[in-house]
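Each chain, letter by letter, is given below.
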Amino acid sequence: MLFERLYVVLATGVIAIVVLYANRRWRRHLRDVPGPFWDSFSYVPRLLKTAYGQRCYIDIDLHRRYGSLVRVGPNEISFSDSSALSQVYSANTRYEKSDFYVAFDAKGPHGSMPTVFSTRSEKEHRGLKKPIYGAYTMAVMLELEPLTDDCIHIFERKIDEKISQSRGQVIVLDMNEWLHWYAFDVVMSVSFSKPLGFMQQEQDVGGLIAAIEGRLRYTATVGQAPFLHPYLLGSNLVSKVANYIPALAKMNTSRRIVQFTADQVNRSDVDQGGKGYIDMLERFKSTGLDGEEISPINVTVAASGNVFAGSDTTAISLRALFYYLIKSPRCYDKLVREIDDLDQTGQLSGVVRFTESNELMPFMQACLKEAMRLHPAVGMPLERVVPEGGITISGKFIPQGTVIGANPWVVARDPAVYGDDVDEFRPERWLEAQQEEKEGDSSRLRAMERNFLAFGAGSRTCLGKNVSLLEMNKLIPQFLRKYKFELVDPDLKLGMQDYWFAKQTGLVCKISPRSHK
Ligand code: HEM
């Protein structure tokens, strides 16, 4: 009797699970969107694929196999149709961020807090962004430019010392980590008026880079099945226990990153007076800028965005540019000629200024754009929720509540937009499109810009874009003017760890002084 009852309970359970999964798989409207069969059944394939750290390549491959719409989860669709991009990622969008971003919330003293980056609500986003966006303008960055110069001086001094220790010969430098240290020192300088000393100490100060990396592994992976987060590191109890398990402690670092930021916010050692500039933190704190009040905890949360998002992204873009240039001697030489011509005619400052690079170096701008096209810093879909009324993409109706997203890596490789040589590093494509625009046809450039999601798009476009443009536009010409860069292994193909940020591994370079410098 007991066994019979047990059998009935078990059979009912199994049937319920089968019905649940079948219901998911054959959901109306989504059932005929192509994609790997098991991805439409369960969240496990998504979790596994992301945990593998190669999501950008996986997504490119999926779209090449299945077309512009791919079902990548029971309720998730990846799209690459250009015509839908400006609708989904627009300035006044109704497409809110998905729960993928939940695990990116900052952990404050009183629990999780959505940040300007992680908040799902567009309304809340506007409220969080309004008091701080004034600190990210290019005018502010130009005021803070001398802080970037200081970091470039430190970087140059370090390289020069190593070259002189090797009697003026070639040195070998792990540009992977040095570019990261540079990017971190700059973003800390413009944010808090002081570099943390990554380059000075030649190490990951306070383990901050490792802390961010660990957290990203968690957020990127668990974000594939965000309903798990409250039972994992989103739970206070689990989070406390995780601190005693080294493998989990590495990922349980959100509170530490926020605490680090709070220490900077509460600093007493930085004298703002007489400096001739106001750093970003002071601007966040100032209530006068946009007439908006901002609470102390919101200052910390806003500043933690700079800590979390401000270094990996720029370092990845810089690495991409160095790598593609070295791999393409034609482009490398052309860019060096552009810089040298300006240098020889006295048009460059001691440290190249942003305006010199931005206004006088068209090929340099094209190289930067092309490197960021081929290697966007974010390597996973920018997920959004379809609002009321649904959306039709590639002729297919997708209902309200479905999670859709375009991966910047996928849309940047659309041959219909960028041409058949889409996988090649060819900066000239941007100059050609700009020329067409000058001649009255802007269609190609507009399409290329629309598919360029390296900085995101619409209302959630990167806030720190100007910070990174400042850093990159100065460092690259300055270094190419002074040094020659080669790969230690000329056949090197960079490794990849894609946990939201598509981080390269293995960029080890030979650096030698250029003879006339
Ligand atoms: C080359 C460098 C950078 C790249 C490629 C980049 C890329 C991106 C992308 C793709 C997004 C949108 C993500 C989404 O839609 O989910 C984003 C948002 C954001 N980024 Fe960046 N980023 C860079 C540098 C920075 C820097 C230096 C900072 C801070 C100093 C920063 C702070 C932010 C913030 C706060 C957001 C959220 C904006 C919002 O939702 O309003 N980023 N970034």
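Residues numbered from 1 in each chain as written. Predicted model: local features only at pLDDT ≥ 70, side-chain atom pairs only at ≥ 80, totals over all residues. Heavy atoms only, no water.

### Thoughts on the overall build of the chain
Worth spelling out the cut-off: Runs of E in the DSSP output that reach at least two residues are strands. Runs of H or I that reach at least four are helices, and both are numbered from the N terminus. With a 1.4 Å probe rolled over the protein chains alone, any residue whose accessible area is under 20% of its type maximum counts as buried; one over 50% counts as exposed, and the rest are partly exposed. Note on areas: Shrake-Rupley with a 1.4 Å probe; residue coverage comes only from the protein chains shown. Residues scored as charged are limited to Lys and Arg (positive) and Asp and Glu (negative), so that His and the chain ends carry no count. All charge positions are set by atom: Lys at NZ, Arg at CZ, Asp at CG, Glu at CD.
For the chain, the count of helices and strands is 24 helices and 14 strands. Its C-alpha atoms give the chain principal-axis dimensions of about 90 × 55 × 50 Å. Within the span of the chain, comprising 517 residues, buried residues form 55% of the whole. Counting every atom, the chain has about 22,500 Å² of accessible surface; 56% of that belongs to carbon and sulfur. Within the chain, one finds 63 positive and 61 negative side-chain charges whose respective centroids are separated by 5 Å.

### Focus on the packing of aromatic side chains
Given two aromatic rings, one states the distance between the centres and the angle between the planes to describe the pair. Our working definition: Note on aromatic pairs: the rings of Phe, Tyr and Trp (six-membered ring only in Trp) are paired at centre separations within 6.5 Å, and the planes decide the class, stacked below 30 degrees, edge-to-face beyond 60, tilted for the rest. Note on geometry: a ring has a charge over it if NZ (lysine) or CZ (arginine) is within 6 Å of the ring centre and within 35 degrees of the ring normal.
Inspection of every chain in the model, using the stated rule, returns 30 aromatic pairs. Geometrically, the ring pair formed by Tyr101 and Phe104 is tilted, given 6.2 Å between the ring centres and 45° between the ring planes. Take Tyr101 and Phe104: they sit in the same class, and that class is buried. Among the aromatic side chains, those forming a connected cluster through ring pairs are Phe155, Trp178, Trp181, Tyr182, Phe322, Phe479, Tyr483 and Phe485. A cation sits over an aromatic face here: Lys97 above Tyr101, 4.2 Å from the ring centre. Geometry around Phe452 places Lys369 over its ring, the cationic atom sitting 4.6 Å from the centre.

### Some points on the UniProt feature "binding site: heme" (unreviewed entry) in the chain
Rules: UniProt positions are given in the numbering used here, feature names are shortened, and annotations may be inferred rather than shown by experiment.
Sequence positions flagged by UniProt for "binding site: heme" (unreviewed entry) are, in local numbering, Cys462. With respect to the helices and strands, the residue Cys462 is situated in the loop between α23 (443-451) and α24 (465-482).

### Some thoughts on the pattern of salt bridges
Where we set the bar: For this analysis, a salt bridge means a side-chain nitrogen from Lys or Arg found within 4 Å of a carboxyl oxygen belonging to Asp or Glu.
Under the definition given, this model contains 33 salt bridges. Across the salt bridge formed by Glu428 and Arg330, the nearest N and O atoms sit 2.6 Å from each other. Linking Glu428 in helix α22 (residues 428-438) with Arg330 in helix α17 (residues 329-344), this pair joins segments that are 98 residues apart in sequence. Owing to a relative accessible area of 12%, Glu428 belongs among the buried residues under this scheme.

### Observations regarding the nonpolar core
Inclusion rule: We call a set of buried residues a nonpolar core when its members are Ala, Val, Leu, Ile, Met, Phe, Trp, Tyr or Cys and they connect through side-chain atoms within 4.5 Å of each other. By the convention used here, residues are in contact when the closest approach between their heavy atoms is within 4.5 Å.
In this structure, Phe79, Phe155, Ile404, Leu480, Phe485 and Trp500 are the most contacted members of the largest nonpolar core, which totals 135 residues. No other element matches helix α8 (residues 175-192), which puts 11 residues into this core. Apart from the residues within four sequence positions on either side, Phe79 is in contact with His63, Ser68, Leu69, Ala84, Leu85, Val88, Tyr89, Ile393, Ile404, Gly405, Ala406 and Val411.

### Focus on the site of the ligand
Basically, it comes down to this: Nearness here has a simple test: a residue counts as near a molecule or strand if at least one of its heavy atoms is within 4 Å of that partner. Pairs of N or O atoms within 3.5 Å make up the polar contacts considered here, provided that, within protein, one atom can donate a hydrogen while the other can accept it, and that residues adjacent in sequence are counted only when both atoms are side-chain atoms.
Looking at the ligand, there are 30 residues lining it, with Tyr101, His125, Arg384, Arg460 and Cys462 nearest. Between the ligand and the protein, one listed contact pairs an oxygen atom with a side-chain N or O atom of Arg384 at 2.9 Å. If you list the elements that add at least two residues to the shell around the ligand, you get α15 (296-309), α16 (312-327), β7 (382-385) and α24.

### Focus: the sheet that holds strand β3 (residues 96-97)
To keep it simple, the criterion reads: At least two bridges found by DSSP between two strands is the condition for calling them paired.
Strand order in the open sheet made by the 5 strands is β1-β2-β10-β7-β3, with mixed pairing throughout. Each edge of the sheet is formed by a strand with only one pairing partner; in this case those strands are β1 (69-73) and β3. For β1 and strand β2 (residues 76-79), the ladder comprises 4 bridges, and the chain directions are antiparallel. Its bridge partner lying in β2, Arg71 is registered against Ile77.

### Brief notes about the pairing of strand β14 (residues 508-513)
Relative to β14, strand β6 (residues 171-174) runs antiparallel, the two sharing 4 bridges. Within β14, the residue paired with Ile171 across the bridge is Ile511. Summarising the sheet, strand β11 (residues 483-487) and β14 pair through 5 bridges and their orientation is antiparallel. The residue of β14 that forms the bridge with Tyr483 is Pro513.

### Comments concerning unusual backbone geometry
Positive phi is not limited to glycine here, since Ser193 has a value of about 70°. Considering the arrangement of structural elements, one finds Ser193 in the loop between α8 and α9 (198-201). At Trp500, a position not held by glycine, the phi torsion is positive, near 75°. With respect to the element layout, Trp500 can be found in the loop between β12 (495-499) and β13 (501-505).

### A word on α17
For clarity, the cut-off: Working rule for helices: expected span equals 1.5 Å times residues minus one.
With 16 residues, α17 extends 22 Å between its outermost C-alpha atoms, agreeing within 8% with the 22 Å of an ideal straight helix rising 1.5 Å per residue. Every buried residue of α17 is accounted for by Cys331, Tyr332, Leu335, Val336, Glu338, Ile339, Asp340, Leu342 and Asp343. The elements touched by buried residues of α17 are α16, α18 (354-360), α19 (362-374), α24 and β11. Following α17 by one or two positions, Gly346 adopts a phi angle in the positive range, close to 65°.

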